[in-house]
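In case you want the letters, here they are:
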Amino acid sequence: MQRVVITGIGALTPIGNNIPAYKDNLFKGISGANNITHFDAALFRTKFACEVKGFNIEEFYHRREARRMDPFSQYAMVVADEAMAMSGLDMDKIDPTRAGVIWGSGIGGFETLEYEIESAALTNGPPRYSPFLIPKLIIDIASGHISMKYNLQGPNYAVVSACATSTNAIASSFDTIRLNRADIVVTGGSEAAVTKTGVGGFASMKALSTRNDEPLTASRPFDKDRDGFVLGEGAGALILESLEHASARGAHIIAEVVGCGMTADAHHITAPHPEGKGAIRVMENALIEAKMNPEEIGYINVHGTSTPLGDIAETVAIKEVFGDHAYNLNISSTKSMTGHLLGAAGAIEAIAGIFAIQEGFIPPTINHFTDDPELDNKLNFTFNQPQEKKIDAFLSNTFGFGGHNASVIIKRFEG
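Residues numbered from 1 in each chain as written. Predicted model: local features only at pLDDT ≥ 70, side-chain atom pairs only at ≥ 80, totals over all residues. Heavy atoms only, no water.

Draft legend 1. The arrangement of the overall build of the protein chain in detail. Regarding its fold elements, the protein chain presents 13 helices and 14 strands. For 415 residues, the compact-globule estimate of 2.2 N^0.38 gives 22 Å, and the protein chain sits close to it at 20 Å. Reported as C-alpha extents along the three principal axes, the dimensions of the protein chain are approximately 65 × 55 × 40 Å. Counting all 415 residues of the protein chain, 60% fall into the buried class. Long-range contacts, defined here as pairs at least 24 residues apart, represent 79% of the contacts in the protein chain between residues at least 6 apart. With the model as given, the accessible surface of the protein chain reaches about 16300 Å², and the carbon-plus-sulfur share is 51%. Here the protein chain contributes 34 positively and 48 negatively charged side chains, and the mean placements of these two sets differ by 2 Å. (Helix = DSSP H or I, 4+ residues; strand = E, 2+ residues; numbered from the N terminus. Rg over C-alpha atoms; globule rule 2.2 N^0.38 Å. Buried < 20%, exposed > 50% of the residue type's maximum accessible area, 1.4 Å probe, protein only. Contact = heavy atoms within 4.5 Å. Areas by Shrake-Rupley, 256 points an atom, 1.4 Å probe, with all protein chains shown as cover. Lys, Arg positive; Asp, Glu negative; His and termini not counted. Charge placed at Lys NZ, Arg CZ, Asp CG, Glu CD.)

Structure, rendered in structure tokens:
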């Protein structure tokens, strides 16, 4: 089978609108949470989120073109552009039928849907909808836009598995290249769910933090007083390429994808299995596919959403899979800074792990104030400050509503 390497990355996050800014603020421990500006949240139970800041699509695309894309597609295009530029791919010199896009979003065009429904309700007579409603709304349209811009004629589709989405997209891209169905795949995920429906819907489930007086510290993974996740938005992109193809064109190789796992809890629509059974199997499967021992993993970027049940179940699973080595690992939840980007979480968190390999520092879990007696506090959660540590491989977990679990292992590239 083909080895699969990463030759480009792109990011648009609540703590940085490109790779350099995201990396810088991640290691500084910056919180991306603040009061919602996208709409008037005064009457909502939760009034804050981790929004992308200072983003203007017209700095990248003409207004007419931008207006035909929902924000989740706009975000996808911008990060794909950054990743493609970093990869150094010359599209005139590659076979376009061997290059594809496998993208994901948990929700898709929420803002477009809201706007069109509200506008139609105000219309006298038959409701009128924009002819761009469906093309802006559907989740696969982001991969379509990317493929059309770069003439990528290979495999092209969308992945949806709630908060596990973009890790599943990476896994599907990994398999596509390993099985020689493509040489290059643009993969990742994007989400733009900080809308009235998004915030209202998650709040009604009591899934969101309600620390309206202190939003900056509201995302508190593994803290005793955690009270729910903070909704985030943005996108992450990775260019996956066969080692053979990347080497032939002299590409700079950032890292190597070596294993993925995918399982289901088959337990509950929103709650994780209390014994972490699905999480245990997904990490074990990723290790088996990577042909690695648990001791070879130096860092886990955990799902760590800051929910009472989820954080406990994941730590139980880590201890089961890694045994005594669990106490040698660094563990951190970068959602403490970015909030939860839903379908885009796996992509930006895989990129955070790549930064850890590159820089020799582990990004922190910020906003820790009080140890939780229900957790094993002998584990190294990398609280509040980055920690210097050379790692050669990391594992990233993402778990989604519906019981979807996905893990990916990425390691330092060695020729």
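Draft legend 2. Structural view of the nonpolar core. If you look at the biggest cluster of nonpolar residues, it comprises 44 residues, and the most contacted ones within it are Ile 6, Ile 9, Tyr 22, Leu 238, Leu 240 and Ile 410. Secondary-structure elements contributing two or more residues to this core are strand S1 (4–12), helix H1 (19–28), helix H7 (165–178), strand S7 (234–242), strand S8 (255–264), helix H13 (345–359) and strand S14 (404–411). When residues of this core are assigned to their parent elements, the largest contribution, ten residues, is made by H13. Residues within four places of Leu 238 in sequence aside, it is in contact with Ile 6, Gly 8, Ile 9, Ile 170, Val 185, Val 186, Thr 187, Ala 347, Ile 351 and Ile 354. The next biggest cluster of nonpolar side chains, apart from the first, holds 31 residues, and it includes Leu 12, Ile 57, Leu 89 and Ala 235. (Core = buried A, V, L, I, M, F, W, Y, C linked by side-chain atoms within 4.5 Å.)

Draft legend 3. Structural detail: the packing of aromatic side chains. Evaluation of the coordinates by the stated rule reveals nine aromatic pairs. Between the aromatic rings of Phe 202 and Phe 229, the centroid separation amounts to 5.4 Å while the plane-to-plane angle is 75°, which identifies the pairing as edge-to-face. Linking Phe 202 in helix H8 (residues 196–204) with Phe 229 in the loop between H8 and S7, this pair joins segments that are 27 residues apart in sequence. Of the residues examined, Phe 202 reaches a relative accessible area of 12% and is grouped as buried. Its relative accessible area of 4% is what places Phe 229 among the buried residues. (Phe/Tyr/Trp six-rings, centres within 6.5 Å; stacked < 30°, edge-to-face > 60°.)

Draft legend 4. View of the packing of helix H4 (residues 110–121) against H8. Where H4 contacts H8, the two axes come as close as 8 Å, and the packing angle between them is 105°. Here H8 runs roughly perpendicular to H4, going by the angle between their axes. Contacts from Phe 110, Glu 114 and Glu 118 in H4 reach Lys 196, Thr 197 and Gly 198 in H8. When its residues are assigned to classes, the contact of H4 with H8 shows one nonpolar, two polar and three charged. (Axes fitted to C-alpha atoms, helices over the stretch in contact; angles between N-to-C directions. Parallel < 35°, antiparallel > 145°, perpendicular 65-115°, else oblique. Nonpolar A, V, L, I, M, F, W, Y, C, P; charged D, E, K, R; others polar.)

Draft legend 5. The pattern of salt bridges, seen in detail. Under the counting rule described, the total for this entry stands at 21 salt bridges. Notably, a salt bridge pairs Asp 227 with Arg 211, separated by 3.7 Å at the nearest N-O pair. With Asp 227 in the loop between H8 and S7 and Arg 211 in the loop between H8 and S7, this pair connects stretches of sequence that are 16 residues apart. Taking relative accessible area as the criterion, Asp 227 reaches 24% and is therefore assigned partly exposed. (Salt bridge = Lys/Arg side-chain N within 4 Å of Asp/Glu carboxyl O.)

Draft legend 6. Just the pairing of S14, in detail. Burial analysis of S14 places six of its eight residues in the buried class, which makes it a mostly covered element. Note that S8 and S14 share eight bridges and pair antiparallel. Pairing of Ala 264 across the sheet is with His 404, part of S14. Direction of pairing for strand S13 (residues 393–400) relative to S14: antiparallel, over a ladder of eight bridges. Considered in S14, the bridge of Ser 396 is made with Val 408. (Pairing = 2+ DSSP bridges.)

Draft legend 7. Expanded view of the side chain of Asp 265. Here Asp 265 lies in the loop between S8 and helix H10 (277–290). Put simply, Asp 265 is tucked away with no salt bridge, and the nearest opposite charge, on Arg 281, sits 5.9 Å away. Side chain to side chain, Asp 265 and Asn 405 meet in a polar contact 2.9 Å long. The residues contacting Asp 265, other than those within four sequence positions of it, are Pro 272, His 273, Gly 278, Ala 279, Gly 403 and Asn 405. (Polar contact = N/O pair within 3.5 Å; in protein donor to acceptor, adjacent residues only side chain to side chain.)

Draft legend 8. The arrangement of the sheet that holds strand S5 (residues 156–159) in detail. The ten strands are arranged S5-S4-S6-S7-S1-S8-S14-S13-S9-S10 in an open sheet whose pairing can be described as mixed. With one partner strand each, in any of the chains shown, S5 and strand S10 (330–332) form the two edges of the open sheet. Each strand axis lies, on average, 25° off the axis of its neighbour in the sheet, ignoring direction. H7 rests against S1, strand S4 (99–104), S5, strand S6 (184–191), S7, S8, S13 and S14 of the sheet, and its axis sits at about 175° to S6.

Draft legend 9. Representation of the pairing of S1 in the model. Here S1 lies mainly inside the structure; nine of its nine residues are buried. The pairing of S1 with S7 spans eight bridges and is antiparallel. Each bridged residue has a counterpart across the sheet, and for Gly 10 the counterpart in S7 is Ala 237.

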